[in-house]
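Spelled out from the first residue to the last, the chains are:
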Amino acid sequence: MALLFIDGFDHYDPQQLDSFGAPWLARGKAAYLSPQATRINGRRPSSFGLRLPEGPGGGYVRNLDTPRTSLIVGAAVRVAPHQNTGAEPLLIGVRDVNSQVAHLVKIGEDGRLKLYRWQHGWDQLISTSVASAPARGWHYIELQVTQGVSNGVLSVRLNGILAIHMTAQNTTQGGGQLLTAFIGAFPGQPCPVTLDVDDCYIADTTGTINNSFLGDVRVDALRAQANGGLNQWTVIPVANLGNMAAWAVVSDEDEATAISAPSAGLRQSFDVEPLPVMASPAIHGVQLTLLARKTDAGMGRMRGLAVSGAQSAVSPDIILQEQLAWQSALFERNPNGAVQWTQAAFNAAEFGVESV
């Protein structure tokens, strides 16, 4: 596994109210999200991004399921106009499992990127780029941190160009493995300036694909548009929705409608919307994003499902909570041949869930 998580911020509005009148926020997709975060128009027509307002509230924080020794975090960011007082807005960062050491990418008062090491509450400037990110524009920023006592690597890319590259570094500094990625603010601290975010990915450097910078990617949110060939889950509530198709109840963003599995081993698949037409698409992975919860005592689990041709694949078990929360399962490869996805293969595939 190399590609770990993607988010295009298209499929939910963090301020939309749930049935209890409370904002959705990230519902667990982010470990923490500023309560003031809003959905805004993104970089492309009909796409959305995430706005992290200046001031108290913090930014966007994502913890991994397991720590890594090497991480790459990439996202498109846009910094709002602000007073040039010498304060350096934080764009992207990665922190270790012990919350002891972090590496931060900030933008300086002259628009150049600055790489800092944070340790024991103190920032140390370790490199400044020559390239700059002009004000008011979207810029694609990527940070790679590879741990090592004397052979660590730190790299920052700006709009696809290597802006900072440092080898033979002590990136560990006595800390643990890498666990937390964040955008807009250091966890627990206010956002220094309003920051817009779009098309975020997190990857490590293992595996044979997606093990390096992915570049300026786009993340498309595609909804179910028809039932697939596997239909073993139950549409609820049956009393008045028995005639409603499963694909419709999982796509209507109404939490009063859902599908449920009464026993283990049941599969439900969906035909999803096709990918937008692109000149030269290269699909790095397919992430299933599922709003799900358990309804009984004890361990509740499910798996993401991908069906391609005569082959299928399931994700590792997803542990469910009592409350609805976003869950994700990532399929880097097409199970039909274990090869990288193509646009045609994706459009012909079905995706869904399996009860455990």
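Above this text sits the structure in question.
Note that this is a predicted model, so its numbers are computed, not measured.

**Q** Report on the environment of Asp13, specifying residues and quantitative values.
**A** If you trace the backbone, Asp13 turns up in the loop between β1 (3–7) and β2 (32–33). Distance from Asp13 to Gly188, taken between C-alpha atoms, is 22 Å for residues 175 residues apart in sequence. Of note is the side chain of Asp13, whose polar atom sits 3.0 Å from the backbone nitrogen of Gln15.

**Q** Account for the packing of aromatic side chains, naming residues and giving values.
**A** Summed over all chains, the structure comprises seven aromatic pairs. For the pair Phe9 and Tyr60, a centre-to-centre distance of 5.4 Å together with 80° between the ring planes defines the contact as edge-to-face. Here Phe9, found in the loop between β1 and β2, pairs with Tyr60, found in strand β5 (residues 60–68); they are 51 residues apart in sequence, far enough to count as distant. Summarising the aromatic geometry, the rings of Tyr12 and Trp326 are spaced 6.0 Å apart at their centres and angled 40° between planes, so their arrangement reads as tilted. With Tyr12 in the loop between β1 and β2 and Trp326 in strand β24 (residues 325–331), the pair connects residues that are 314 residues apart, well separated along the chain. Judged by its relative accessible area of 10%, Trp326 falls in the buried class. Through pairs of rings, three or more aromatic residues link up here, namely Trp118, Phe182 and Phe186. We note Arg62 situated over the ring of Phe5; from NZ or CZ to the ring centre the distance is 3.9 Å. Here Lys106 stacks its cationic end above the ring of Tyr116, 4.8 Å away from the centre of that ring.

**Q** Go over empty space enclosed by the protein with me, naming the residues and quoting the values.
**A** On inspection of all chains with the given rule, the structure shows one cavity of 30 Å³ or more. Space inside the largest cavity adds up to approximately 40 Å³. If you trace the largest cavity, you find it lined by Val94, Asp96, Val101, Ala102, His103, Val145, Gln147, Thr171 and Leu178. Every element with two or more residues in the lining of the largest cavity is listed here: β7 (90–96) and β8 (101–107). The biggest single contributor to the lining of the largest cavity is β8, with three residues. Its residues placed into classes, the lining of the largest cavity shows five nonpolar, three polar and one charged.

Definitions and cut-offs
Residues numbered from 1 in each chain as written. Predicted model: local features only at pLDDT ≥ 70, side-chain atom pairs only at ≥ 80, totals over all residues. Heavy atoms only, no water. Helix = DSSP H or I, 4+ residues; strand = E, 2+ residues; numbered from the N terminus. Polar contact = N/O pair within 3.5 Å; in protein donor to acceptor, adjacent residues only side chain to side chain. Phe/Tyr/Trp six-rings, centres within 6.5 Å; stacked < 30°, edge-to-face > 60°. Buried < 20%, exposed > 50% of the residue type's maximum accessible area, 1.4 Å probe, protein only. Lys NZ or Arg CZ within 6 Å of the ring centre and 35° of its normal. 1 Å grid on protein atoms, 1.4 Å probe; cavity = no way out; pocket = protein on both sides within 12 Å on 5 of 7 lines; lining within 4 Å. Points joined across faces, edges and corners; volume = space filled by probe spheres on them. Nonpolar A, V, L, I, M, F, W, Y, C, P; charged D, E, K, R; others polar.

That is the geometry; function is a separate question.
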